[in-house]
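# What the coordinates show
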Amino acid sequence: MQQRVVSTKEVILVHLLSACESETDKPRFQTKFQVHEKRGHPHASDEEKKVTRKQKAESKSQESGQSPKKPKTEGDNEQANGKSNAADIAAEFEKFCKATSEHLSIKQMREILEANGRDASVSDDAVVPRCQDILFYGPLDPCPVCGGTLEFSGDGYQCQGAYSEWSSCVYSTRDPPRREEPLNIPESVGKTRVSDLIEKHRDPKSRLKREITGQDKPFAGMMITLSGRLSRTHQYWKTKIEKNGGKVANSVIGATCLVVSPTERDRGGSSKVAEAVERSIPVVREAWLADSIEKKEALALDAYDVASDIAVYGKGIALDKQDSSVVALETVAAELKVFGKRGVHKDTKLQDEGGTILEKDGVLYNCVLTVCDQGRDMNDFCIMQLIMARENRLHLYYKKGKIGDSLRADDKLEEWENLNDAIKEFAKLFEELTGNEFEPWEREKKIQKKHLKFFPIDIDDGVEVRHGGLGLRQLGVAAAHCKLDPKVANFMKVLCSQEIYRYALMEMGYDSPEVPVGMLTDFHLKRCEEILLYFVDKLKSSKETGKQEEASWADFSQRWFTLLPTTRPLSFKDFGELADHAASSYEAIRDINTASRLIGDMSGSTLDDPLFDRYVKLGCSVSPLEKETDDYKMIVKYLEKTYEPVTVGDTSYGVSVDNIFAVEVSACPSLDDIKKLPNKVLLWCGTRSSNLSRHLQMGFLPATCALPAPGYMFGRAIVCSDAAAEAARYGYTAVDRPEGFLVLAVASLGEEIQEFSSPPEDTKSLEEKKIGAKGLGKKKTDESEHFVWKDDIKVPCGKLIPSEYKDSPLEYNEYAVYDPQQVSIRFLVAVKFEEQDVEYETVEPEV
């Protein structure tokens with residue numbers, strides 16, 4: 001795969017260089033200049049005529065004794081409407097700042113701040129603007145959310161306080177609350193040359209209001225050039241760019257960047273691309289425009305670069321600043337630096353010398369610390385390790401940086417002669433970073449989160465599956481030496497490969513190579529679950545609105561991403577985001593941790609049949625179904641009838657069956673046990689491939705919490721559907737990884753079934769009584785086509801048709817069961833998602 005990329009790059013560079021050579025031979029710059037010159041003269045002549053007419057009009061007015069009319073300006077209109085002129089106020093404030101800076105000392109400014117209840121213990125650079133702001137515009141009230149101090153930051157006032165020990169306050173405003181009272185002026189200031197100027201603004205009635213213009217034009221001051229066939233017309237983007245503060249130029253000379261379609265890379269570029277490369281002007285994909293407008297900031301150009309290789313080590317840009325559509329190429333191949341509690345950090349190179357983590361008196365000296373504080377733009381990690389290498393040489397390793405930005409991280413490896421001194425230094429660093437002592441944490445897990453301090457991620461013994469799972473080169477050999485049925489061996493190969501776990505964590509944004517989230521302790525996972533449940537309960541009982549509600553969401557977000565660090569932190573805003581990026585992500589990470597413990601370290605030889613060994617550990621029987629069997633035909637029919645294409649962007653994906661496996665999970669009730677229960681239904685369950693090993697080893701677990709969102713609206717339940725289309729939403733992976741799995745399980749809904757067309761208000765009573773629930777979707781299966789499978793198990797197989805519940809939050813029917821012993825996993829359907837309406841050409845390999 002790497003050889004193909006390098007080859008493509010070489011071809012592109014050849015095209016670009018040849019284009020540069022051919023274009024530079026042409027005298028096109030001179031020609032353009034001459035054309036511009038010709039157009040300039042008549043334009044100047046028109047201006048002269050206008051001036052002449054204006055002068056004649058003024059002369060005529062003067063002769064008749066009338067003063068010439070002055071056209072109204074926009075500023076005049078504003079003043080006429082009683083609006084203050086923001087430019088005049090800003091100019092007056094600038095003069096005020098200049099005068100006070102010249103005639104007031106830093107000491108006097110500190111006295112002014114203290115006299116008016118403002119913190120004066122800040123640096124000299126911070127004292128001056130803080131003092132000038134309250135002198136001119138008036139004293140500020142505290143933050144209405146947390147009571148902290150408001151500070152001007154260029155585009156508004158930001159709170160400098162803490163909402164909780166986990167998070168800074170994120171309150172911001174362009175119109176801050178100010179106290180309607182005169183300023184307190186110290187005696188020393190009253191004797192200065194600017195005392196009259198200060199007195200002029202001391203009275204609240206004479207104060208002017210600070211007008212802050214919005215900084216939401218991402219392309220302000222930028223010159224952008226467009227080239228080639230883009231997904232939108234050039235006129236469309238020209239309008240968008242100008243609306244967002246930028247300008248569009250036909251030439252790349254002086255341009256900030258050149259925007260092209262991604263296909264320019266494969267076509268070898270154009271004359272504009274060649275010229276841009278020659279002049280070191282960034283050539284970026286069209287997605288940069290759309291993403292910058294959406295996020296209201298000009299995003300890093302390098303993250304969307306077309307002309308250079310797409311590799312994190314080539315760009316050195318933090319993952320949260322990059323285009324999310326190419327992050328996969330960078331993180332999925334990133335080497336895991338720490339793979340478990342006893343894993344020596346790979347950057348030390350000491351593992352090659354037999355290095356091991358120091359263990360003394362039952363304490364392992366290895367810590368992974370993180371902090372996410374969006375109010376201070378922090379999303380950082382820190383690694384601390386004491387490592388024993390050959391000849392008993394002791395090293396203290398320390399690494400600190402932004403999550404996903406390992407290249408710019410600071411790291412240090414020091415050799416120590418004295419063991420006790422090294423341990424004291426380790427403990428000292430831990431206390432500086434966390435505000436807590438090391439041993440109480442390491443021995444008893446006692447720790448108190450401190451504001452803006454790091455928090456330890458509790459890593460377990462063992463090996464994370466991204467490191468210990470089968471590598472690409474081992475997969476074929478492992479399957480070839482396996483005594484299992486070839487189809488089952490290939491299935492186990494998927495379950496034990498690093499790839500599916502790397503992709504799963506990448507897709508969720510929990511793929512930092514510095515933090516092994518796939519090898520957390522049960523204690524740490526429990527802490528995450530408790531915080532999620534606490535916040536969900538708080539939301540349900542809270543009456544907060546507006547800024548208070550936003551602050552509460554932001555506080556949870558920062559707690560969450562400190563405990564489960566991500567390369568792409570966000571601030572949760574609604575239940576849908578909470579379900580997609582917190583609850584379901586937590587469940588996936590929990591299942592990956594189970595897989596890590598099951599798979600262990602398979603990085604060694606595969607000749608001893610590690611796939612069979614892991615199959616035995618699963619405690620599950622897996623056997624392929626033959627295509628001629630009735631069960632195989634029934635399942636294919638059920639899939640075809642209840643499937644609708646998965647749509648990603650403008651592309652739809654159909655599905656085809658590769659294999660079907662009959663399974664007997666020891667943790668689930670057997671078919672003999674299930675058939676004794678009432679209201680049995682064969683239903684589809686969607687899951688990531690990375691979650692399968694846990695399901696097959698331990699059965700299904702109920703949802704983590706109750707949220708008014710699909711999959712969670714019935715609370716702590718196991719949720720399935722009668723539509724394969726619903727399951728496919730969870731089983732679908734990506735275009736470059738089209739293989740996935742759908743699960744078929746028999747569920748007993750119990751004697752009593754309650755139906756809902758909207759989320760139930762109280763899910764606890766359903767959980768306690770273990771009553772079966774059915775959520776009615778916008779679409780249902782045609783009941784006339786339903787049939788009964790063996791042992792009175794109903795199969796709701798039928799064409800998907802519109803239901804009478806058009807306003808339902810669910811697209812398809814969902815079934816909720818609250819007792820895991822009422823659900824038995826019976827089949828795994830290995831499927832391939834295929835792009836529809838596309839013709840593929842067979843390309844012969846080059847000889």
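All values reported here derive from a predicted model rather than from experimental measurement. Position numbers for residues start from 1 in each chain and track the written sequence from start to end. Local features in a predicted model are, by the rule used here, given only for residues with pLDDT of at least 70; side-chain atom pairs are given and counted only at 80 or more, and totals for whole chains, interfaces and linings are based on all residues. To obtain the side-chain values, all non-hydrogen atoms of the structure were included, while hydrogens and water were left out.

Turning our eyes to something else, we now look at the overall build of the protein chain. Strands here are runs of E lasting at least two residues and helices are runs of H or I lasting at least four, both read from the DSSP assignment and numbered beginning at the N terminus. If you tally the helices and strands in the protein chain, you get 29 helices and 31 strands. Any residue under 20% of the maximum accessible area for its type is buried, any over 50% is exposed, and the rest in between are partly exposed; the area is computed with a 1.4 Å probe on protein chains only. Out of the 847 residues belonging to the protein chain, those deemed buried represent 48%. In short, Shrake-Rupley with a 1.4 Å probe defines the accessible areas, and a residue's cover is counted only from the protein chains shown. Of the roughly 42400 Å² of accessible surface on the protein chain, 48% is carried by carbon and sulfur atoms.

The next thing to look at is the environment of A595. When you line up the elements, A595 lands in helix α23 (residues 575-599). The spatial distance from the C-alpha of A595 to the C-alpha of E464 is 8.6 Å, given a sequence separation of 131 residues. Contacts are assigned to residue pairs that have any heavy atoms within 4.5 Å of one another. In contact with A595, not counting residues within four places along its chain, are Y501 and S693.

We now examine the side chain of T100. The residue T100 is located in helix α4 (residues 86-103) in this model. The class for T100 is buried, based on a relative accessible area of 0%. N or O atoms closer than or at 3.5 Å make up a polar contact, with two conditions inside protein: a donor-capable atom paired with an acceptor-capable one, and, for residues adjacent in sequence, both atoms drawn from side chains. Among the polar contacts made by the side chain of T100, one reaches the side chain of Q132 at a distance of 3.1 Å. Ignoring sequence-local partners within four residues, the contact set of T100 consists of M109, Q132 and V194.

Take the sheet that holds strand β7 (residues 247-249) next. The strand order across the open sheet formed by 4 strands is β7-β6-β8-β9, and the pairing between neighbours is parallel. Every interior strand has two partners, whereas the edge strands, β7 and β9 (283-285), have only one. In this sheet, adjacent strand axes meet at a mean angle of 40° when their direction is disregarded. Paired strands are those between which DSSP finds at least two bridges. Relative to strand β8 (residues 257-260), strand β6 (residues 223-226) runs parallel, the two being bridged by 3 bridges. Looking at β8, one finds that T225 is bridged to L258. Seen against the sheet, helix α9 (residues 234-243) touches β6 and β7 and runs at an angle of roughly 170° to β6. As a rule, the C-alpha atoms of each element are fitted with a line to give its axis, helices using only the stretch in contact, and angles between N-to-C directions run from 0 to 180 degrees. The strands touched by helix α12 (residues 287-295) are β6, β8 and β9; relative to β9, the strand with the most contacts, the crossing angle is about 70°.

The next point concerns a negative patch on the surface. On the surface, E499, D658, E739 and E834 cluster together into a negatively charged patch. Inspection of the secondary structure puts E834 in strand β31 (residues 823-835). What makes E834 partly exposed here is its relative accessible area of 38%. Patches were defined on residues exceeding 30% relative accessible area and lacking a salt bridge, with like-charge contacts within 9 Å and nonpolar side-chain contacts (Val, Leu, Ile, Met, Phe, Trp, Tyr) within 5 Å. By definition here, a salt bridge exists when the distance from a side-chain nitrogen of Lys or Arg to a carboxyl oxygen of Asp or Glu is within 4 Å. Note on charges: Lys and Arg go in the positive column, Asp and Glu in the negative column, and His and the chain ends are not counted at all. Here the site of a charge means atom NZ of a Lys, CZ of an Arg, CG of an Asp or CD of a Glu.

The rule is short: rings of Phe, Tyr and Trp, with Trp giving its six-membered ring, pair when the centres are within 6.5 Å, and they are stacked under 30 degrees, edge-to-face over 60, tilted in between. According to the stated counting rule, one finds 24 aromatic pairs in the structure shown. For K445, the ring lying beneath its charged end belongs to W441, and the centroid distance is 4.6 Å. The criterion is that NZ of a Lys, or CZ of an Arg, lies within 6 Å of the ring centre and within 35 degrees of the ring normal, and then a charge sits over that ring. One residue, K483, lies across the ring of F612, its end atom 4.5 Å from the ring centre.

What follows concerns the nonpolar core. Counting residues in each nonpolar core, the largest one holds 146 residues, and the members touching the most others are M384, F491, M492, W560, L578 and W684. The element contributing the most residues to this core is α23, with 11 residues. Beyond its immediate stretch of four places on either side in the chain, F491 contacts V622, F661, L692, L696, F741 and L828. Nonpolar cores were defined as sets of buried Ala, Val, Leu, Ile, Met, Phe, Trp, Tyr and Cys residues, with membership established by side-chain atoms within 4.5 Å.

The next point concerns the confidence of the model for the protein chain. The predictor attaches a confidence to each residue, and that confidence, scored 0 to 100, is pLDDT. Summing up the model confidence of the protein chain, the mean pLDDT is 83 and the portion of residues at 70 or higher is 83%. Ranking the helices and strands of the protein chain by mean pLDDT puts strand β17 (residues 455-457) first, with 97, and helix α2 (residues 28-63) last, with 35. The model gives residues 1-84 a pLDDT under 50, and that stretch makes 36 contacts with residues more than four places away or in other chains. For residues 309-319, every residue scores under 50 in pLDDT, and the model assigns this stretch 37 contacts once sequence neighbours within four places are set aside.

Looking at where F438 falls in the secondary structure, it is placed in helix α16 (residues 438-444). Put simply, F438 and F426 are 12 residues apart on the chain and 8.5 Å apart in space, counted from C-alpha to C-alpha. In contact with F438, other than residues within four places in its own chain, are V363, L364, Y365, C367, F426, A427 and F430.

On to the packing of helix α20 (residues 498-508) against α23, then. Close contact between α20 and α23 brings their axes to 11 Å; oriented N to C, the two are set at 160°. Judged by the angle between their axes, α20 and α23 are roughly antiparallel. Where α20 crosses over α23, the handedness of that crossing is left-handed. Contacts between α20 and α23 pair Y501, A504, L505 and M508 from the former with S585, A588, I589, I592, A595 and I599 from the latter. Considering only residue class, the contact of α20 with α23 consists of 9 nonpolar, 1 polar and no charged. Small angles under 35 degrees read as roughly parallel and large ones over 145 as roughly antiparallel, with 65 to 115 read as roughly perpendicular and the rest as oblique. By definition, any crossing whose near helix is turned counterclockwise from its far helix by less than a right angle is left-handed, and any crossing with a clockwise turn is right-handed. Think of it as three bins: nonpolar holds Ala, Val, Leu, Ile, Met, Phe, Trp, Tyr, Cys and Pro, charged holds Asp, Glu, Lys and Arg, and polar takes everything else, Gly as well.

What follows deals with unusual backbone geometry. Positive phi is not limited to glycine here, since K349 has a value of about 65°. Structurally, the position occupied by K349 is in the loop between α14 (324-331) and β10 (356-357). Judged by its relative accessible area of 54%, K349 falls in the exposed class. Although it is not a glycine, D791 sits at a positive phi angle of roughly 60°.

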